[in-house]
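Chain and residue survey
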Amino acid sequence: MIFEKTLMTLAAAAAIAAAAAVSVFAAAFALYAVLETRIGAAGAAAAVAGVAALIVAIAGLLAARRAESRQPPSAAAQPDAYGLAEKMVGIVRDRPLLSLGAAVAAGVFVLKNPTLTAAVAKAFMETRRPPR
């Protein structure tokens, strides 16, 4: 019973989509016929293409506007529930091989660039004085 209702709904949606497509093509041909006598075949074809592009652009802008209004606030706007250390522990727990590879890559980087590593460590360890 549910399958039959779903099938009927799908058939109705397909019929509506086909009717809409036929209507759009008929409107495009009618616009072409009206414009062909006034601006020629090439001009009429360009005008029909321009009208179609304009309709698609407006529909796209409306769809994008609706999608933006339905989206929840981004995660970046909300305060983090976990700190950096908790996130790192979660990554290590969830993906141990990836974590091992990252640790090896960091070790190789430290061995190849000791001056840069010292500068980064100094920047993190240095205490900041509040401005006077």
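Described below are features of the structure shown in this document. Keep in mind it's a predicted model, so treat the numbers as computed, not measured. Each chain carries its own residue numbering, running from 1 in the direction its sequence is written. Per-residue local features are limited, in this predicted model, to residues with pLDDT of at least 70; the limit for side-chain atom pairs, both in listing and counting, is 80 or more; totals at the level of whole chains, interfaces and linings are taken over all residues. To get the side-chain values, all heavy atoms of the structure are used, and hydrogens and water are removed first.

Bringing the overall build of the chain into the picture now. Within the chain, the secondary structure is distributed over four helices and zero strands. Secondary structure follows DSSP: runs of H or I at least 4 residues long count as helices, runs of E at least 2 residues long count as strands, and numbering of each begins at the N terminus. Along the chain, helices and strands appear, N-terminal first, in the series α-α-α-α. When a residue's accessible area, from a 1.4 Å probe over protein chains only, is under 20% of the maximum for its type it is buried; when over 50% it is exposed; and in between it is partly exposed. In the chain, buried positions account for 3% of the 132 residues. All accessible areas in this document rest on Shrake-Rupley with a 1.4 Å probe, and a residue is counted as covered only by the protein chains that are shown. Carbon together with sulfur atoms contributes 71% to the accessible area of the chain, which is approximately 11900 Å² in total.

Before going further, it helps to spend a moment on a nonpolar patch on the surface. Taken together, Phe 109, Val 110, Leu 116, Val 120, Phe 124 and Met 125 make up a surface patch of nonpolar side chains, about 660 Å² in accessible area. Only α3 (96-112) and α4 (114-125) provide two or more residues apiece to the nonpolar patch. Here the element with the most residues in the nonpolar patch is α4; it accounts for four residues. With respect to the element layout, Met 125 can be found in helix α4. Residue classification places Met 125 among the exposed positions, given a relative accessible area of 70%. Like charges within 9 Å and nonpolar side chains (Val, Leu, Ile, Met, Phe, Trp, Tyr) within 5 Å are joined into patches, using only residues over 30% in relative accessible area that form no salt bridge. The working definition used for a salt bridge is a side-chain nitrogen of Lys or Arg within 4 Å of a carboxyl oxygen of Asp or Glu.

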